[in-house]
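Okay, here's what each chain looks like letter by letter:
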Amino acid sequence: MTHTFYKYQGTGNDFVMIDNRLNTFNKQDTALINRLCDRRFGIGADGLILLENHDEADFKMVYYNADGNESTMCGNGGRCLSQFAKDLNVIDKKASFEAIDGMHHVVFDGDLVQLQMQDVPTVEDHKSYVFLNTGSPHHVQFEDNIASFDIKTIGRNIRNGAPYYKEGTNVNFVKKISSNEFQVRTYERGVEDETLSCGTGVTAVAIAMNYLGETPDNTVHLKVQGGELKVSFTKTESGYNNVWLTGPAKQVFKGEIAW
Ligand SMILES: N[C@@H](CCC[C@H](N)C(=O)O)C(=O)O
């Protein structure tokens, strides 16, 4: 049997996209998803995303990490899937979809895809790091030597160590560039390596930097290995609301998978 697949990337965070509106994809086949994401034996991607029908929203997002396991929210994946839905004429200039963390709104602005993220009611300040959940769990800490430190080793140790252990966390390293610009590198659980960008990660960094008083602004610019993203939010007594992640999302190619 063959299946059409598409490849998308958002600031270098890349995904295999499959239109599963006819429910033809075997979601239990973890080994297949892992193989499709493999950069030598498969298509190669940080994750695989299914576009599915939804009773009330425009579509549903089902996200798998490159290890083949379904995981929590992927911000860049949500932006790429929205672009995919637009390219398939499932949606037009704006839409809503359901992901594992709830409903999301998306708005297209030229080449940019703006995705509304979940509200963030709590930010944990552990002094040497900050932990928060932006749809996925994120550890945020400063790293002065951001260009050349060993992110794979240090990120993996934090991801697997206390207090995260088996469930793990994504780990973001941050360097301040100016009062509203930060450089970010992210080690992602489920990929078990650095990715070129992480949408829920930069959202976590933007909110953490505001929470720590590192930026007074409610629009923050994030430089990642694969480009630039923008995060805006409203700070209220109940936390961070009206959180939007903005950046490019592009189709790279289309092909046929034989399985
Ligand atoms: N790349 C993603 C995050 C994907 C989920 C993460 N690997 C996890 O399992 O928590 C993003 O853009 O947010």
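Everything numeric here is computed off the predicted structure, so don't read it as measured data.

J.: Just checking my understanding: could you explain the overall build of the chain for this structure?
T.: Counting secondary structure elements, the chain contains 4 helices and 17 strands. For 259 residues, the compact-globule estimate of 2.2 N^0.38 gives 18 Å, and the C-alpha radius of gyration of the chain, at 17 Å, lies within 12% of that figure. Each of the three principal axes of the chain carries a C-alpha extent, and together these read 55 × 40 × 25 Å. Buried positions account for 53% of the 259 residues belonging to the chain. Counting contacts in the chain only where the partners sit at least 6 residues apart, residues at least 24 apart contribute 61% of the total. Element-wise, carbon and sulfur atoms account for 45% of the exposed surface of the chain, whose accessible area totals about 11,500 Å². Positive and negative charge centroids in the chain, built from 25 and 34 side chains respectively, lie 3 Å apart.

J.: I'm lost on the packing of aromatic side chains in this one. Help?
T.: For any pair of aromatic rings, geometry is given as the distance between the ring centres together with the angle between the planes. Tallying each qualifying case throughout the model produces 8 aromatic pairs. Each ring, one from F59 and one from F97, has its centre 4.9 Å from the other, and the planes form 10°; the classification is stacked. Of this pair, F59 sits in strand β4 (residues 59–65) while F97 is found in strand β5 (residues 94–99), placing the two residues 38 residues apart along the sequence. For the pair F131 and Y164, a centre-to-centre distance of 5.6 Å together with 35° between the ring planes defines the contact as tilted. Here the residue F131 occupies a position in strand β9 (residues 130–133), and Y164 occupies one in the loop between α3 (151–160) and β11 (170–178), the gap between them amounting to 33 residues. For F131, a relative accessible area of 17% gives the class buried.

J.: I tried to follow the pattern of salt bridges on my own but got confused; where do I start?
T.: Pairing of side chains with opposite charge becomes possible as their charged atoms draw close. Per the counting criterion, the structure on display carries 12 salt bridges. For the salt bridge of R185 with E194, the shortest nitrogen-to-oxygen distance reads 2.7 Å. E228 is paired through a salt bridge with K223; the nearest N and O atoms lie 3.0 Å apart. Judged by relative accessible area, which is 51%, E228 ranks as exposed.

J.: Would you explain the site of the ligand in this entry?
T.: Around the ligand lies a shell of 16 residues, among which S71, G75, N170, G199 and T200 are the nearest. A distance of 3.0 Å is found between an oxygen atom of the ligand and a backbone nitrogen or oxygen belonging to N76. The separation between an oxygen atom of the ligand and a polar side-chain atom of T200 is 2.6 Å. Notes on the ligand: free accessible area 360 Å², of which the protein chains cover 100%. The cavity where the ligand resides is the largest cavity.

J.: Any chance you could explain empty space enclosed by the protein here in plain terms?
T.: A probe matching the size of a water molecule, rolled over the atoms, marks out where space remains unfilled. Considering all chains together, one arrives at 1 cavity of 30 Å³ or more under this definition. Breaking the lining of the largest cavity down by element, the ones donating at least two residues are β4 and α4 (199–211). Partitioned by chemical class, the residues of the lining of the largest cavity number 4 nonpolar, 9 polar and 2 charged.

J.: How should a nonpolar patch on the surface be read in this particular structure?
T.: Taken together, F142, Y211 and L212 make up a surface patch of nonpolar side chains, about 250 Å² in accessible area. Within the secondary structure layout, L212 lies in the loop between α4 and β14 (219–224). Overall, L212 belongs to the partly exposed group, its relative accessible area being 31%.

J.: Would you mind showing me how to read unusual backbone geometry here?
T.: Working note: non-glycine residues mostly have negative phi, and peptide bonds are mostly trans. Across the junction of A162 and P163, the peptide omega takes the value 0°, indicating a cis bond. A positive phi is found at N23, a non-glycine position, where the angle reads about 55°. Considering the arrangement of structural elements, one finds N23 in the loop between β2 (13–19) and α1 (30–37). Of the residues examined, N23 reaches a relative accessible area of 57% and is grouped as exposed. Even without glycine at this site, K127 takes up a positive phi of about 70°.

J.: For this particular structure, what's the right way to read the confidence of the model for the chain?
T.: The predicted coordinates ought not to be read in detail in places where the model reports low pLDDT. Here the chain averages 97 in pLDDT, and 100% of its residues register 70 or above. The complex model carries a pTM of 0.98, and its ipTM stands at 0.96.

J.: Would you explain the layout of surface pockets in this entry?
T.: In this structure, the largest pocket encloses a volume near 350 Å³. Lining the largest pocket are 20 residues; nearest its centre among them are C37, R39, A45, A66 and V191. Those elements that provide at least two residues to the lining of the largest pocket are α1 and β13 (193–195). Ranked by residue count, the leading element in the lining of the largest pocket is β13, at 3 residues. Counted by class, the lining of the largest pocket contains 6 nonpolar, 4 polar and 10 charged residues.

Rules and cut-offs
- Numbering of residues starts from 1 in each chain and follows the order in which that chain's sequence is written.
- Selection of residues for local features in this predicted model requires a pLDDT of at least 70, selection of side-chain atom pairs for listing and counting requires 80 or more, and totals for whole chains, interfaces and linings are taken over all residues.
- As a convention, hydrogens and water are excluded, and side-chain values are obtained from all of the structure's heavy atoms.
- Numbering goes from the N terminus for both helices and strands, where a helix is a DSSP run of H or I of at least four residues and a strand is a run of E of at least two.
- To get the radius of gyration, use the C-alpha atoms; to get the globule rule, take the number of residues to the power 0.38 and multiply by 2.2 Å.
- The buried label applies to any residue whose accessible area, calculated with a 1.4 Å probe on protein chains only, is under 20% of its type's maximum; exposed applies above 50%, and partly exposed to all values in between.
- Every residue pair with non-hydrogen atoms within 4.5 Å of one another is taken to be in contact.
- Here the accessible surface of atoms and residues is derived via Shrake-Rupley with a 1.4 Å probe, and residues count as covered only by protein chains that are part of the display.
- When charges are tallied, Lys and Arg are placed among the positive residues and Asp and Glu among the negative ones, while His and the ends of the chain are skipped.
- Working definition for charges: the position is that of NZ of Lys, CZ of Arg, CG of Asp or CD of Glu.
- Whether two aromatic rings pair depends on their centres lying within 6.5 Å, for rings of Phe, Tyr and Trp, where Trp uses its six-membered ring; planes under 30 degrees apart make the pair stacked, over 60 edge-to-face, and the rest tilted.
- Counted as salt bridges are all cases of a side-chain nitrogen of Lys or Arg within 4 Å of a carboxyl oxygen of Asp or Glu.
- Nearness of a residue to a molecule or strand requires only that one of the residue's heavy atoms be within 4 Å of it.
- What qualifies as a polar contact is a pair of N or O atoms within 3.5 Å, subject to a donor-acceptor requirement within protein and to the restriction that residues adjacent in sequence count only when both atoms come from side chains.
- A cavity, in this analysis, means grid points on a 1 Å lattice covering only the protein atoms where a 1.4 Å probe fits yet has no way out; a pocket is instead an open set bounded by protein on both sides within 12 Å along at least five of seven lines, and a residue lines either one if it has an atom within 4 Å of a point.
- Grid points define the cavity or pocket, and a molecule sits in it when more than half of its atoms lie within 2 Å of them.
- Grid points are joined across faces, edges and corners, and a volume is the space filled by probe spheres set on the points.
- Ten residues, namely Ala, Val, Leu, Ile, Met, Phe, Trp, Tyr, Cys and Pro, are considered nonpolar, four, namely Asp, Glu, Lys and Arg, are considered charged, and the remaining ones, Gly among them, are considered polar.
- Candidates for patches are residues over 30% relative accessible area with no salt bridge; among them, like charges are joined within 9 Å and nonpolar side chains (Val, Leu, Ile, Met, Phe, Trp, Tyr) within 5 Å.
- The score called pLDDT rates the predictor's confidence residue by residue, from a low of 0 to a high of 100.

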